[in-house]
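# Remarks on the overall topology
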Amino acid sequence: MKFICIDCGKESSSSEFEYHCTCGGLLDIVHDFQRYDADLLKHLFKERLSERMTPYASGVWRYKELIFPELPDNCIVTKYEGNTGLYTSELLQNYTGLKQVFVKAQSENPSGSFKDNGMTVAVSHGKSLGYKKFTCTSTGNTSSSLAMYASIANADSYVFVPDKDISLNKVLQTVSYGAKVFSFVGTYDDGIQFLEKHSNDLGLYVCNSINPFRIEGQKSIIYEIAQYLNWELPEWIIVPGGALSNATALGKGLHDLFTLGLINKMPRVAIVQAEGASPFHKMVSQEKRELTPEPFPYTRASALNIGNPPSWKKALHTLIQTRGITISVTDEEILDAKAVIDRSGIGCEPASAATIAGIRNLVSKQVIDKEESVLCILTGNILKDTDILKYYHLGEHTCASFKNTIQHSRLTLNSIRENMIEKK
Ligand SMILES: *Cc1c(COP(=O)(O)O)cnc(C)c1O
Ligand SMILES: [Zn+2]
């Protein structure tokens, strides 16, 4: 394994770990895959599906050879993350107009979001270097995940969260796992800048997505999808885009699968941003070569409330490799799509629903054909943002098409019977 700078191409070995190259560029991890045979790998990954209570029972470490082969097993900090459900839904087919739509529920991870796929690898790496103090800036899911793994590893976590526009559920989850939480005046992007400057002074191991080990771990999402679908992927994969680490890992994981011969066709990727925080989509659609940061991003899908995504260059690579596209959707579209996903029994937090909103949009514009098979990655759990549930179902506003209120009723046979009939 070695590190390669995505800007200047300089290589460094794995013993000299830094988050950035001397030129300021982000680092990418490159493995030597020469020695792997596709059939042997498939066999190995299949065998491991029967593991219990070992690191290989994890849906991330099952693919250790493709993620972090050098790591000694006794450094692995795991909660058997991954192993999440892959579903189809008639309701979502009707809503999007598609014949076949798959949903990968990363919301079913131990801390309730896909951040666990990457965090288990970052914390394990930090532990292997001897770190006892971990940090991140977060809108709440990265911090929940970090706090959980740090506690499992018997280490400390220090996390930075903006004091506005994030979900209290996530902050409380982070606090409950035992992290020291610093709430600051400013945006997610300010928090990232602070850590880039000061994490070394504070002796903290940084677990944001500038950490390339996070990306390696998140590749497992598409590996697991491919394995569950018997190594034949749908024609489209849809992800939401905030800091763009998920989109980055998706492209990288697809590249691995393709070069290793585990799949023989590349799907196309669509990255969906929320309109109020869509600097990447703007850059791509306006054919600009540089991303212009948005100083005041705002969306109710708080996990997407990021105006200066650190990984945009890596995510651009995903688009190039997969003939990918970007799109933005409104908060209204997101909340309606979320209500349908919830109603389908699968459930997710708002940011995740940008995928289904995006698909609906792309199908109506005929960018995606009704006959094509599509998979979307749901990133976070339905309980991650209960304010939104309250707003949508119990609030005053009338445009919520899937609103489902709570019925207050006396506990008598007649009044219950009446209300049951009324509902139908
Ligand atoms: C982090 C997160 C996102 C955005 O992922 P990026 O890698 O930052 O683009 C989307 N949804 C949820 C629920 C998240 O936690
Ligand atoms: Zn460089």
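Everything numeric in this text was worked out from a predicted model, so none of it was measured. (Residues numbered from 1 in each chain as written. Chains lettered and ligands numbered in written order. Predicted model: local features only at pLDDT ≥ 70, side-chain atom pairs only at ≥ 80, totals over all residues. Heavy atoms only, no water.)

## A few points about the pairing of strand S13 (residues 373-378)
Within S13, six of the six residues are buried, which leaves the element mostly enclosed by the surrounding structure. The alternating pattern of S13 places Ser373, Leu375 and Ile377 and Val374, Cys376 and Leu378 on opposite faces, both of which are buried. Two strands pair when backbone bridges link them, and strand S5 (residues 100-105) and S13 are joined in this way by six bridges, in the parallel orientation. From the neighbouring strand, Val101 faces S13, where its bridge partner is Val374. Here three bridges tie strand S10 (residues 236-240) to S13, and the two strands are oriented parallel to one another. Paired with Ile238 across the two strands is Cys376, which belongs to S13. (Buried < 20%, exposed > 50% of the residue type's maximum accessible area, 1.4 Å probe, protein only. Helix = DSSP H or I, 4+ residues; strand = E, 2+ residues; numbered from the N terminus. Pairing = 2+ DSSP bridges.)

## Side note on the UniProt feature "domain: Tryptophan synthase beta chain-like PALP" (unreviewed entry) in the chain
The UniProt feature table records "domain: Tryptophan synthase beta chain-like PALP" (unreviewed entry) at residues 77-380. The straight-line gap between the two end C-alpha atoms of residues 77-380 is 21 Å; of that span, 44% is helix and 17% is strand. (UniProt positions renumbered as here; feature names shortened; annotations may be inferred.)

## Side note on the UniProt feature "modified residue: N6-(pyridoxal phosphate)lysine" (unreviewed entry) in the chain
Annotation from UniProt places "modified residue: N6-(pyridoxal phosphate)lysine" (unreviewed entry) at Lys115. Apart from the residues lying within four places of it in its own chain, the contact partners of Lys115 are Asn141, Thr142, Ser145 and Arg214. (Contact = heavy atoms within 4.5 Å.)

## Considerations on helix H14 (residues 350-364)
Between its first and last C-alpha, H14 extends 21 Å over 15 residues, near the 21 Å set by a 1.5 Å rise per residue. Of all 15 residues in H14, 13 are buried, a share of seventy percent or more. Following H14 by one or two positions, Gln366 has its phi on the positive side, about 60°. (Expected span 1.5 Å × (residues − 1).)

## Overview of the domain arrangement of the chain
Looking at the chain, the domain boundaries give domain 1 (1-30) and domain 2 (86-112 + 212-394). In this structure, domain 1 and domain 2 have C-alpha centres spaced 27 Å apart. Taken residue by residue, the interface counts nine residues in domain 1 and eight residues in domain 2. Together, the buried faces of domain 1 and domain 2 total about 770 Å²; carbon and sulfur atoms form 70% of this surface. On the domain 1 side of the contact with domain 2, Ile6, Leu26 and Ile29 bury the most area, a combined 51% of that side's loss. Applying the counting rule to domain 1 against domain 2 returns two salt bridges. Across the salt bridge formed by Asp28 and Lys252, the nearest N and O atoms sit 3.0 Å from each other. Applying the counting criterion to the domain 1 and domain 2 interface returns four residue pairs in polar contact (both at pLDDT 80 or more). If you tally residues by element for the side of domain 1 that touches domain 2, the top one is strand S3 (residues 27-30), at three residues. Of the residues contributing to the side of domain 1 that touches domain 2, the split by class is seven nonpolar, no polar and two charged. (Domains from an automatic or database assignment. Buried area = accessible area lost by both parts, 1.4 Å probe. Salt bridge = Lys/Arg side-chain N within 4 Å of Asp/Glu carboxyl O. Polar contact = N/O pair within 3.5 Å; in protein donor to acceptor, adjacent residues only side chain to side chain. Nonpolar A, V, L, I, M, F, W, Y, C, P; charged D, E, K, R; others polar.)

## A closer look at the coordination of the zinc ion (ligand 2)
Binding of the zinc ion (ligand 2) to the protein goes through Cys5 (SG), Cys8 (SG), Cys21 (SG) and Cys23 (SG), at separations of 2.3 Å. Here the zinc ion (ligand 2) is ringed by four donor atoms whose angles at the metal span 102 to 118°, and the overall shape comes out tetrahedral. Mapped onto the sequence, the residues coordinating the zinc ion (ligand 2) show the spacing C-x2-C-x12-C-x1-C. Of the two residues, Cys8 sits in the loop between strand S1 (2-5) and strand S2 (11-13) while Cys21 sits in the loop between S2 and S3, which places them 13 residues apart along the sequence. Of the residues examined, Cys8 reaches a relative accessible area of 45% and is grouped as partly exposed. (Donors = N, O, S within 2.8 Å, 3.2 Å for Na, K, Ca; no water. Tetrahedral: all angles 85-135°; square planar, octahedral: opposite > 155°, others 65-115°.)

## Side note on the sheet that holds strand S11 (residues 268-274)
Taken in spatial order, the six strands make up an open sheet running S4-S5-S13-S10-S11-S12, and their pairing is mixed. Strand pairing shows two members of the sheet lacking a second neighbour, strand S4 (86-88) and strand S12 (325-329), which therefore form its edges. With strand direction ignored, the average angle separating the axes of adjacent strands in the sheet is 25°. Where S4 meets S5, three bridges bridge the pair, whose relative direction is antiparallel. Following the sheet pairing, Leu86 is matched in S5 by Lys104. Packing of helix H12 (residues 312-322) onto the sheet brings it into contact with S11 and S12, and relative to S11 it is tilted by some 140°. (Axes fitted to C-alpha atoms, helices over the stretch in contact; angles between N-to-C directions.)

## Some words on the environment of Ile238
Summarising the element assignment, Ile238 is placed in strand S10. Residue Ile238 is classed as buried on the basis of its relative accessible area of 0%. Spatially, the C-alpha atom of Ile238 lies 19 Å from that of Met283, the residues being 45 residues apart in sequence. Beyond its immediate stretch of four places on either side in the chain, Ile238 contacts Ala270, Val272, Thr355, Ile359, Ile368, Val374, Leu375, Cys376 and Ile377.

## Points about the site of ligand 1
Around ligand 1 lies a shell of 16 residues, among which Lys115, Asn141, Gly242, Leu244 and Ser245 are the nearest. Within the backbone of Ala243, a nitrogen or oxygen atom sits 2.8 Å from an oxygen atom of ligand 1. Within the backbone of Leu244, an N or O atom sits 2.7 Å from an oxygen atom of ligand 1. Burial of ligand 1 by the protein amounts to 97% of the accessible area it has alone, namely 380 Å². (Near = heavy atom within 4 Å. Areas by Shrake-Rupley, 256 points an atom, 1.4 Å probe, with all protein chains shown as cover.)

## Here's the deal with the side chain of Ser144
Here Ser144 lies in helix H5 (residues 141-152). For Ser144, a relative accessible area of 0% corresponds to the buried category. Not counting the four nearest positions on each side in its chain, Ser144 is found in contact with Ser111, Lys170, Gln173, Thr174, Tyr177 and Lys384.

## Points about the environment of Gly345
One can find Gly345 in the loop between helix H13 (331-343) and H14. Taking the relative accessible area as the measure of exposure, Gly345 reaches 64% and is therefore exposed. As for Gly345 and Ser89, which are separated by 256 residues in sequence, their C-alpha atoms are 9.0 Å apart.

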